[in-house]
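Examining the three-dimensional arrangement
Read off the chains here:
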Amino acid sequence: MFDKIKKIDKLAKKNDTEKLEKFLYDKDPALRVEFCKAVAANRIEALQGSLVIALRDGETPVRRAAVEALQVLGDSNVIEHLRRAMNAEKDESLKEFMHDVMQKLSHHA
């Protein structure tokens, strides 16, 4: 798995969005989390839509990483996506985090 994490980092640094995006659909949730982190760390705005998709991931850590990445990108256009995800979210702490991120993003609008 460490090799795949290094690959994600390398692809993100090269801004190879096409190859990087494939990790959003990896069966390993840890790699999906790494995908979100790499998008945030490298501020790859072209993959913002992929982060919105990750808000519906079956694994809580992936959803949390997607919210964190969306917060870093700072685009208020995702507020409605976050609102829908928050309404469907079962994890209370993640729900609160989503609410906080929406508040911060709305101040940037």
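Positions within a chain are numbered from 1, following the residues in the order the chain's sequence is written. Given that this is a predicted model, residues contribute local features only at a pLDDT of at least 70 and side-chain atom pairs are listed and counted only at 80 or more, while totals for whole chains, interfaces and linings are drawn from all residues. The basis for every side-chain value is the complete set of heavy atoms in the structure, and neither hydrogens nor water enter the calculation.

Some thoughts on the pattern of salt bridges
- For salt bridges, the criterion is a side-chain nitrogen of Lys or Arg within 4 Å of an Asp or Glu carboxyl oxygen. For the structure on display, the rule yields five salt bridges.
- A salt bridge links D9 to K13; the shortest N-O distance between them is 2.7 Å. On the criterion of helical spacing, the pair formed by D9 and K13 is a turn pair, its members being four residues apart in helix α1 (residues 2–13).
- The class for D9 is partly exposed, based on a relative accessible area of 34%.
- Burial status follows relative accessibility: with a 1.4 Å probe on protein chains alone, a residue under 20% of its type maximum counts as buried, one over 50% as exposed, and anything between as partly exposed. Assessed through its relative accessible area of 59%, K13 is described here as exposed.
- One salt bridge connects E80 with R83, and the closest N-O pair in it is separated by 3.0 Å. Of this pair, E80 and R83 are both found in helix α6 (residues 79–88), three residues apart, which corresponds to roughly one turn of the helix. Under the DSSP-based scheme used, a helix requires at least four consecutive residues in state H or I and a strand at least two consecutive residues in state E, with every element numbered from the N terminus.

Here we look at the layout of surface pockets
- Each cavity reported here is a set of points on a 1 Å grid over the protein atoms alone in which a 1.4 Å probe fits but cannot get out, each pocket an open set with protein on both sides within 12 Å along at least five of seven lines, and each lining residue one with an atom within 4 Å of a point. Grid points are joined across faces, edges and corners, and a volume is the space filled by probe spheres set on the points. Its boundaries defined by the atoms lining it, the largest pocket holds a volume of some 180 Å³.
- V52, L55, R56, D57, R63, H81, R84, A85, A88, E89 and K90 together form the lining of the largest pocket.
- Considering every element that reaches the lining of the largest pocket, the biggest residue donor is α6, with four residues.
- By residue class, the composition of the lining of the largest pocket is four nonpolar, one polar and six charged. Each residue gets one of three labels, nonpolar for Ala, Val, Leu, Ile, Met, Phe, Trp, Tyr, Cys and Pro, charged for Asp, Glu, Lys and Arg, and polar for the others, Gly among them.

Points about α6
- Residues of α6 that are buried include every one of I79, L82, A85 and M86, and no others. Around the axis of α6, the buried residues are gathered within 125 degrees of arc, so they sit on the same side. Away from its buried face by more than 90 degrees, α6 exposes N87 and A88.
- Buried residues along α6 sit against α5 (60–73) and α7 (92–108). Here, the arc refers to the directions that run from the helix axis to the C-beta atoms. Throughout, a contact is declared for two residues whenever any of their heavy atoms are within 4.5 Å.

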